[in-house]
Amino acid sequence: MGTTLWIVDINVDGLWETPEIRQAANFLREGEVIAFPTETVYGLGANATDSEAVKKIFEAKGRPSDNPLIVHIADPKQINELVDEVTPIGKQLIEAFSPGPISFIFKKKEGVFSDLVTAGLDTVAIRIPEHPVAYALLKAAAVPVAAPSANRSGRPSPTSAQHVMDDLNGLIKGVIDGGETGYGLESTVVDCTGEVPVILRPGSITADEIKEVIGAVIVDPALKNETEAPRAPGMKYRHYAPDHPLYLVDGSLELLQSFVNQFKRDGKRVGVIATRENLAKIDADAMIVMGSETDLSSIAHSLYDSLRKSDVLDVDVLLSLCFPEEGVGQAIMNRLRKAAGNRVLTESDLFG
Ligand code: TXA
Ligand code: MG
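Residues numbered from 1 in each chain as written. Chains lettered and ligands numbered in written order. Predicted model: local features only at pLDDT ≥ 70, side-chain atom pairs only at ≥ 80, totals over all residues. Heavy atoms only, no water.

**Brief notes about the overall build of the chain**
1) Next: When helices and strands are counted, the chain shows ten helices and 16 strands.
2) Next: Taken over the C-alpha trace, the chain has a radius of gyration of 20 Å; the compact-globule value for 352 residues is 20 Å, and the two agree within 12%.
3) Next: Looking at the chain as a whole, 57% of its 352 residues are labelled buried.
4) Next: In the chain, 69% of the contacts between residues at least 6 apart in sequence involve partners at least 24 apart.
5) Next: By element, 48% of the accessible surface of the chain is carried by carbon and sulfur atoms, the whole surface being about 14700 Å².
6) Next: Charged side chains of the chain number 34 positive and 50 negative; the gap between the two group centres comes to 3 Å. (Helix = DSSP H or I, 4+ residues; strand = E, 2+ residues; numbered from the N terminus. Rg over C-alpha atoms; globule rule 2.2 N^0.38 Å. Buried < 20%, exposed > 50% of the residue type's maximum accessible area, 1.4 Å probe, protein only. Contact = heavy atoms within 4.5 Å. Areas by Shrake-Rupley, 256 points an atom, 1.4 Å probe, with all protein chains shown as cover. Lys, Arg positive; Asp, Glu negative; His and termini not counted. Charge placed at Lys NZ, Arg CZ, Asp CG, Glu CD.)

Here it is as structure tokens:
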């Protein structure tokens, strides 16, 4: 399949009526899959009411069929047609954070979505993105759009149209290029079916921000405890994996350097992913920059790009320091731990 690349100016007025967006929206309505930018990561969209279309998402990504998709809409008013009941906490969170980088889980309305979207669950995740291209495409398509991240399953999520092309060129109908995404990590997924919101996947809207609105918040304990099954089915899969094995170092820059030296003594070539400030302080075979020490959101923004760039390095292993688990740091460490397959090195792992 030839994959069309539409390059759009995200600042143009009436974007939803431009020929590029209209063509992409028509493809969506005709049952094709299209990748598009959101403020979090690029999504791979299909009409959520059309099973044949949704099936193409799973095929293009190589995604396990028990992992449900998030449904995207342009206007919060549409939500009443899609879910059984917008709970009081759901209403408050939608008002506070939508449009934006957050997805809300509600009991679904029966008979609206393809069963493939919800993977057999009686709930559905809904998101109202704020990115101008996502908004324009959803408005022009005028159907609810199921969209996972537009990467091959298991790979880091795409934060540019080039990342999408690297993974899916030839497998999907088209990609709308709206430049790099802003936040860089997928939306916060919040179960709103009960009286207290439960965070199933951390993101740029933090637990503290949600707590400020509702007065209480629960973080799915499975995110911390490996032995429990996570409530978001997607959280159990290995994800975001770079080609070279990644190890996280829980400690100081000096400890990181000691591990670099230890791997080198073992005859390994070592790459290090580090903040701009730390680059010059480390002696390794190759370095990749990832954001700035002074701003966790800059690390979130460049995390997946840094992981993808590391694939071309001529190294045997990759190392990165851990980051503070405050604010968006929770989401950063959640993704990094998965990318590292939970390999975290501490002082006690140094030999003598
Ligand atoms: O930022 C984002 O959320 C991006 C952009 C494209 O919107 N989308 C995204 O989708 O990250 P995906 O499919 O890569 O991740 C969706 C996550 C998975 O962990 C999935 O298991 C969970 O949300 N999820 C979806 N529906 C659910 C439901 N009804 N109950 C529990 N978890 C659900
Ligand atoms: Mg994903």
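**Examining the domain arrangement of the chain**
1) Next: Taken domain by domain, the chain holds domain 1 (4-223) and domain 2 (246-351).
2) Next: Each of domain 1 and domain 2 has a C-alpha centre, and these two points are 29 Å apart.
3) Next: Summing both partners gives a buried area of about 1500 Å² for domain 1 against domain 2, and 51% of it is carried by carbon and sulfur.
4) Next: Among the residues domain 1 hides against domain 2, the three largest losses belong to Pro156, Leu185 and Pro202. Together they make up 35% of the total.
5) Next: Joining domain 1 to domain 2, the criterion identifies three salt bridges.
6) Next: Asp167 serves as the salt-bridge partner of Arg308, at 3.0 Å between the closest nitrogen and oxygen.
7) Next: Counting the contacts that link domain 1 with domain 2 gives twelve residue pairs in polar contact (both at pLDDT 80 or more).
8) Next: A total of three residues in the side of domain 1 that touches domain 2 trace back to one element, the largest contributor, which is helix H6 (residues 161-168).
9) Next: Looking at the side of domain 1 that touches domain 2 residue by residue, the class counts come to eight nonpolar, eleven polar and six charged. (Domains from an automatic or database assignment. Buried area = accessible area lost by both parts, 1.4 Å probe. Salt bridge = Lys/Arg side-chain N within 4 Å of Asp/Glu carboxyl O. Polar contact = N/O pair within 3.5 Å; in protein donor to acceptor, adjacent residues only side chain to side chain. Nonpolar A, V, L, I, M, F, W, Y, C, P; charged D, E, K, R; others polar.)

**Some thoughts on helix H2 (residues 51-61)**
1) Next: Of all the positions in H2, only Ala53, Val54, Ile57, Phe58, Ala60 and Lys61 are classed as buried.
2) Next: Turning to H2, the residues buried within the fold contact strand S3 (43-47), helix H4 (115-118), strand S7 (145-146) and H6.
3) Next: The distance from a side-chain oxygen at the start of H2 to the backbone nitrogen of Glu52 is 3.0 Å, and the residue carrying that oxygen is Asp50.
4) Next: Of the residues trailing H2, Gly62 is marked for its positive phi of about 70°.

**Quick word on the pairing of strand S10 (residues 198-201)**
Side-chain positions along a regular strand alternate between the two faces of the sheet.
1) Next: Taken together, the three bridges between strand S9 (residues 188-191) and S10 define a ladder with antiparallel strand orientation. Within the sheet, the bridge partner assigned to Val190 lies in S10 and is Ile199.
2) Next: The loop that links S9 with its antiparallel partner S10 comprises six residues.
3) Next: Here two bridges tie S10 to strand S11 (residues 218-219), and the two strands are oriented parallel to one another. Directly across from Ile199, in S11, lies its bridge partner Val219. (Pairing = 2+ DSSP bridges.)

**A word on the sheet that holds strand S13 (residues 270-274)**
1) Next: The five strands are arranged S14-S13-S15-S12-S16 in an open sheet whose pairing can be described as parallel. Two strands bound the open sheet, and with one partner strand each, they are strand S14 (286-289) and strand S16 (344-345).
2) Next: Running at roughly 135° to strand S12 (residues 246-249), helix H10 (residues 329-339) makes contact with S12 and strand S15 (317-321) of the sheet. (Axes fitted to C-alpha atoms, helices over the stretch in contact; angles between N-to-C directions.)

**Topic: the environment of Thr4**
1) Next: Checked against the element boundaries, Thr4 lands in strand S1 (residues 4-7).
2) Next: Since its relative accessible area comes to 31%, Thr4 is described here as partly exposed.
3) Next: Separated by 20 residues in the primary sequence, Thr4 and Ala24 have C-alpha atoms spaced 9.2 Å apart.
4) Next: Once residues within four sequence positions are removed from consideration, Thr4 is found in contact with Lys173, Gly174 and Val175.

**Description of the site of ligand 1**
1) Next: Among the 28 residues in the neighbourhood of ligand 1, the closest are listed as Thr40, Asn67, His72, Ser187 and Gly234.
2) Next: Here an oxygen atom of ligand 1 and a side-chain polar atom of Ser149 are 3.1 Å apart.
3) Next: Notes on ligand 1: free accessible area 680 Å², of which the protein chains cover 97%.
4) Next: The cavity that encloses ligand 1 is the largest pocket.
5) Next: Those elements that provide at least two residues to the shell around ligand 1 are strand S4 (70-72), strand S6 (123-127) and S10.
6) Next: The element best represented in the shell around ligand 1 is S6, accounting for four residues.
7) Next: Looking at the shell around ligand 1 residue by residue, the class counts come to 15 nonpolar, eight polar and five charged. (Near = heavy atom within 4 Å. 1 Å grid on protein atoms, 1.4 Å probe; cavity = no way out; pocket = protein on both sides within 12 Å on 5 of 7 lines; lining within 4 Å. Sits in = over half its atoms within 2 Å of the grid points.)

**Considerations on the sheet that holds strand S8 (residues 174-177)**
1) Next: Strand order in the open sheet formed by eleven strands is S1-S8-S2-S3-S7-S4-S6-S5-S9-S10-S11, with mixed pairing between adjacent strands. What marks the edges here is a single partner per strand, and that holds for S1 and S11.
2) Next: The sheet contact formed by strand S2 (residues 34-36) and S3 spans three bridges and is antiparallel. Along S3, the bridge assignment pairs Phe36 with Gly43.
3) Next: Sheet strands touched by H6: S1, S2, S3 and S8. Its angle to S8, the strand with the most contacts, is close to 165°.

**Section: the packing of aromatic side chains**
1) Next: Inspection of the entire model under this criterion finds three aromatic pairs.
2) Next: Where Tyr247 meets Phe263, the ring centres are 5.2 Å apart and the plane angle is 50°; that geometry is what we call tilted. Remark: Phe263 occurs in helix H8 (residues 253-265) and Tyr247 occurs in strand S12; sequence separation between them is 16 residues.
3) Next: Note on Phe263: relative accessible area 13%, which makes it buried. (Phe/Tyr/Trp six-rings, centres within 6.5 Å; stacked < 30°, edge-to-face > 60°.)

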